Amino acid sequence: MALGKLDGVSPSLSMDRELLSYRGAKPLFALTALLTTLQGLCLILQAIFLGRMISGLFSGKQIASVSSDLLLFFIVMVCRYFMVFLIKRACYKFADRTSVELRRAFLKKLFIIGPQSAKREGTGALVSLALEGVLQARRYLELFIPKMVANGIIPVLILIYVFWTDRMSGLILLITMPVLIIFMILLGLAAQKKMDDRWASYRVLSNHFIDSLRGLSTLYYLGISKLHMRTINRVSDKYRSMTMGTLRLAFLSSFALDFFTMLSIAFVAVALGIRLVDGHILLEPALTVLILAPEYFLPVRELGQDYHATLDGKEATKQLKDYTNLPTDLENMSEADHQKSLRWTKHALLKMHDVTFQYTDAEKTTLREINMNLRGLEKVGIIGASGAGKSTLIDLIGGFISASSGTVQLNDQNFAFSTQRWREQVTYIPQHPYLFSATIRDNIAFYKPDATDQQIAQAVQAAGLNGLIDHLPEGMDEQIGSGGRQLSGGQEQRVALARAFLCDRPILLLDEPTAHLDIETEYELKQPMLQLFENKLVIFATHRLHWMEQMDRIVVLHNGKIAESGTQDELIRKKGAYFDMVCAQLEGLL
Ligand SMILES: Nc1ncnc2c1ncn2[C@@H]1O[C@H](COP(=O)(O)OP(=O)(O)OP(=O)(O)O)[C@@H](O)[C@H]1O
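Just so we're clear, the structure is a prediction, and the values are computed from it rather than from any experiment.

**Describing the site of the ligand**
Point 1. Taken together, 14 residues are adjacent to the ligand, and Ser-386, Gly-387, Lys-390, Ser-391 and Thr-392 come closest.
Point 2. In this structure, Tyr-359 approaches the ligand through a side-chain N or O atom, which is 3.4 Å from a nitrogen atom.
Point 3. The backbone of Ala-388 places a nitrogen or oxygen atom 3.1 Å from an oxygen atom of the ligand.
Point 4. For the shell around the ligand, the element with the highest residue contribution is helix H12 (residues 390–397), accounting for three residues.
Point 5. Among the residues forming the shell around the ligand, the class breakdown is three nonpolar, eight polar and three charged.

**A few points about the environment of Phe-260**
Point 1. Position of Phe-260 relative to the elements: it lies in helix H8 (residues 225–278).
Point 2. You can call Phe-260 partly exposed: its relative accessible area is 26%.
Point 3. Separated by 119 residues in the primary sequence, Phe-260 and Lys-379 have C-alpha atoms spaced 75 Å apart.

**Section: the sheet that holds strand E4 (residues 405–410)**
Point 1. Taken in spatial order, the four strands of this open sheet run E2-E1-E4-E5, and their pairing is antiparallel. With partners counted over all chains shown, the strands left at the sheet margins are strand E2 (367–375) and strand E5 (413–414), one partner each.
Point 2. Here five bridges tie strand E1 (residues 349–357) to E4, and the two strands are oriented antiparallel to one another. Bridge assignment links Leu-350 to a residue of E4, and that residue is Leu-410.
Point 3. Contacting E1 and E2, H12 crosses the sheet at an angle of about 55° to E2.

**A word on the nonpolar core**
Generally speaking, nonpolar side chains in soluble globular proteins are found buried as a group.
Point 1. In this structure, Leu-19, Ile-145, Ile-158 and Leu-292 are the most contacted members of the largest nonpolar core, which totals 69 residues.
Point 2. Elements represented by at least two residues in this core include exactly helix H2 (25–58), helix H3 (67–113), helix H5 (123–165), helix H6 (167–214), H8 and helix H9 (283–324).
Point 3. With 19 residues, the top contributor of residues to this core is H5.
Point 4. Beyond its immediate chain neighbours, meaning those up to four positions away, Ile-158 contacts Leu-43, Ile-44, Leu-292, Glu-295 and Tyr-296.

**So, the sheet that holds strand E10 (residues 537–541)**
Point 1. Pairing is mixed across the open sheet formed by six strands, whose spatial order is E6-E9-E10-E3-E11-E12. Two strands close off the open sheet at either side, each with one partner strand: strand E6 (426–429) and strand E12 (561–566). Neighbour to neighbour, the strand axes of the sheet diverge by 15° on average, direction disregarded.
Point 2. Looking at chain direction, strand E9 (residues 507–511) and E10 are connected through five bridges and run parallel. Note on E10: the bridge partner recorded for Asp-511 is Ala-541.
Point 3. Against the sheet, H12 makes contact with strand E3 (379–384), E6, E9, E10 and strand E11 (553–558), and its axis sits at roughly 155° relative to E9, the strand it touches most.

**Focus: the packing of aromatic side chains**
Point 1. This structure, assessed with the given rule, holds 20 aromatic pairs.
Point 2. The interplanar angle of 45° and the centroid separation of 4.9 Å between the aromatic rings of Phe-106 and Tyr-323 together place this pair among those described as tilted. Taken together, the residues span a long stretch of sequence, with Phe-106 in helix H3 and Tyr-323 in helix H9 at a distance of 217 residues. Both residues of the pair, Phe-106 and Tyr-323, count as buried.
Point 3. Three or more aromatic residues link up through ring pairs in this structure, and these residues are Trp-344, Phe-415, Phe-417 and Trp-422.
Point 4. The ring of Trp-547 carries the charged tip of Lys-526 above its face, separated from the ring centre by 4.9 Å.

**Looking at the pairing of E11**
The two faces of a sheet get side chains in turn, since along a regular strand they alternate between them.
Point 1. Extensive coverage of E11 is indicated by the burial of five of its six residues.
Point 2. Judged from the five bridges that link them, E3 and E11 form a sheet pairing that is parallel. From the neighbouring strand, Val-380 faces E11, where its bridge partner is Arg-553.
Point 3. In the sheet, E11 pairs with E12 via five bridges, with the strands oriented antiparallel. Across the sheet, Val-556 pairs through a bridge with Glu-564, a residue of E12.
Point 4. Connecting the antiparallel pair E11 and E12 is a turn made up of two residues, with Asn-559 showing a positive phi of about 50°.

**Examining the packing of helix H17 (residues 489–503) against helix H18 (residues 519–533)**
Packed helices, taken two at a time, are described by the angle between their axes plus the distance between the axes.
Point 1. Running from N to C, H17 and H18 point in directions that differ by 5°, and their axes come no closer than 11 Å. With respect to H18, the element H17 is oriented roughly parallel. Every residue of H18 that contacts H17 at Gly-490, Gln-493, Arg-494, Leu-497, Ala-500 and Phe-501 is listed here: Thr-521, Glu-524, Leu-525, Pro-528, Met-529, Gln-531 and Leu-532.
Point 2. Of the residues in the contact of H17 with H18, the class split is seven nonpolar, four polar and two charged.

**Brief notes about the environment of Asp-312**
Point 1. Within the secondary structure, Asp-312 is located in helix H9.
Point 2. Spatially, the C-alpha atoms of Asp-312 and Asp-196 are 8.8 Å apart, while their sequence positions differ by 116 residues.
Point 3. If we skip the residues at most four places from it in the chain, Asp-312 touches Gln-136, Met-195, Arg-198 and Trp-199.

**Re a nonpolar patch on the surface**
Point 1. A cluster of nonpolar residues, Leu-252, Phe-255, Phe-259, Leu-263 and Phe-267, forms a patch on the protein surface that exposes about 540 Å² of accessible area.
Point 2. Turning to its location among the elements, Leu-263 is positioned in helix H8.
Point 3. Taking the relative accessible area as the measure of exposure, Leu-263 reaches 38% and is therefore partly exposed.

**Details of unusual backbone geometry**
Point 1. Positive phi values are uncommon outside glycine, yet Asn-411 reaches one of about 50°.
Point 2. For Asn-411, the position within the fold is in the loop between E4 and E5.
Point 3. With a phi angle near 55°, Asn-535 is a residue other than glycine that sits in the positive phi range.
Point 4. The residue Asn-535 is located in the loop between H18 and E10 in this model.

**Some details on the UniProt feature "transmembrane region" (unreviewed entry) in the chain**
Point 1. Under the local residue numbering, the UniProt record ascribes the feature "transmembrane region" (unreviewed entry) to residues 28–50, 70–87, 144–164, 170–191 and 249–274.
Point 2. In this annotation, residues 28–50 is assigned 100% helix and 0% strand; the end-to-end C-alpha distance for the span is 32 Å.
Point 3. Between the first and last C-alpha atoms of residues 144–164 the distance is 31 Å; the span itself is 100% helix and 0% strand.

**Topic: the pattern of salt bridges**
Point 1. Tallied over the entire structure, the rule returns 19 salt bridges.
Point 2. Among the salt bridges present, the one from Glu-564 reaches Lys-574, with a minimum N-O distance of 3.4 Å. Highlighted residues: Glu-564 in strand E12 and Lys-574 in helix H19 (residues 568–574), separated in sequence by ten residues.
Point 3. For Glu-564, a relative accessible area of 6% translates into the label buried.

Criteria and thresholds
Residues numbered from 1 in each chain as written. Predicted model: local features only at pLDDT ≥ 70, side-chain atom pairs only at ≥ 80, totals over all residues. Heavy atoms only, no water. Near = heavy atom within 4 Å. Polar contact = N/O pair within 3.5 Å; in protein donor to acceptor, adjacent residues only side chain to side chain. Helix = DSSP H or I, 4+ residues; strand = E, 2+ residues; numbered from the N terminus. Nonpolar A, V, L, I, M, F, W, Y, C, P; charged D, E, K, R; others polar. Buried < 20%, exposed > 50% of the residue type's maximum accessible area, 1.4 Å probe, protein only. Pairing = 2+ DSSP bridges. Contact = heavy atoms within 4.5 Å. Axes fitted to C-alpha atoms, helices over the stretch in contact; angles between N-to-C directions. Core = buried A, V, L, I, M, F, W, Y, C linked by side-chain atoms within 4.5 Å. Phe/Tyr/Trp six-rings, centres within 6.5 Å; stacked < 30°, edge-to-face > 60°. Lys NZ or Arg CZ within 6 Å of the ring centre and 35° of its normal. Parallel < 35°, antiparallel > 145°, perpendicular 65-115°, else oblique. Patch = residues over 30% accessible without salt bridge, like charges linked within 9 Å, V, L, I, M, F, W, Y side chains within 5 Å. Areas by Shrake-Rupley, 256 points an atom, 1.4 Å probe, with all protein chains shown as cover. Salt bridge = Lys/Arg side-chain N within 4 Å of Asp/Glu carboxyl O. UniProt positions renumbered as here; feature names shortened; annotations may be inferred.

Rendered as structure tokens:
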């Protein structure tokens, strides 16, 4: 956010400048300011007519003789509420449009950053931000803008009029307002702290809940699902008590604001009463000032109340903005650079020079001095001990994360893996491919929805899925994914293979796709997988060394660095890290 912490807690004094950066915000502020000024003038006229009417009746006039004041009073009242209606409508439209844009920008960024951001932020937190966060942001924009503008205009108009009518009352109003505002700032500071804690607790709760749902079967098999219930209760309870704390503060703040306001109005009333009795002021101006006094404090009170109600919206808006402002090299590249990134062909050459990568929350770099070339349609095996950086390297090449330093060139032109052109050419098969809650047909054709039945049938055949589909009651229309038929790990992997066959993209990234399968299932999958590898650049990270037979080149990672690379024969002859791994696996078998 452009403003510091104090700006967030002293809304009556300063405006959240970030709001002005939204599309259409400046005209909205101008329109709201104009309408609020008119509304303020109506309010003063209303008080004048009401004061004149009451003092007229008090001095013995007939109702008929004050009827013109009564009529004018109603006319300005209608005008005033018409202004309120116009302001609300304009702010609603702005909030609606801005929240849609915020969500769109958020989702766009989510797709650019990819799964890495889900790993970092947590799926639950991202889902909450995209759904509830956007609604809260909308409420904040809708409520806060008119209140903020009213706060800057109406008290000033009233104060000018009161000063002009009765200097003493003007002075009381002028002195009491800063006291009220300082009090609001103090409460706001405490509220902001509480809201920060509450938001952090909400993120933990969302992530925890989603993780628990995902891991429910594991927890059940381990016999600790009941035990885990207690953890969920604890996390929920923490969130509940934080919410109650924030609410307590909000109630306290409302009470204190009302109390101070009433006290200030009482000062004005007593001062007016004494001077009225002494004959230093007439009834009509005294009444007008007295009617205006509560209106003078009303915007501050309303802002104070809505401030607490919309604090979570303010925080959500900040989170959404911060997320969409995260830098990616895709955005740093010019359109010309995009065009330069050529389609991957059998002659293509990609060079990585001194590439490093460090996770934001990690202490040391995960990938270091990666110097590696990828050519045409070669098959490259990535191996290394657990934690060596295989998945990170695959994520980097897939464009899910961006290198911290180093250069990447595609056909001798600077290039970033996160470009759309690159991603459109990549198929990624992870250990657990995601199955959408849809039919098998839709799942297979997810990345190519316009595929014909014949193309899908060919992909099914190539992936060896026809045996399964023939036995399903609904065939290709069988529902799978959450809520549908559960597939085995091998069957899920075959769906992923069918997707890859159908997409037929020239680059294939595999991150331990068979690690969770038994050896028989892996053996059954090997033949369709090898068929899929044909005419593609394949980068295959795995622990299972038997795949290295089919690789043109092997890259051995150790502690984030390339320990050695070459063909299988070369590495065996070299008797280095790869040789040691083969020996270790063979010893494990013997
Ligand atoms: N999101 C993350 N944030 C911080 N550190 C991470 C993150 N993901 C991985 N790491 C760390 O980076 C290092 C490399 O992890 P990576 O998953 O790439 O290794 P790997 O070789 O694929 O391991 P495995 O074979 O067990 O899957 C590890 O030390 C890991 O703890």
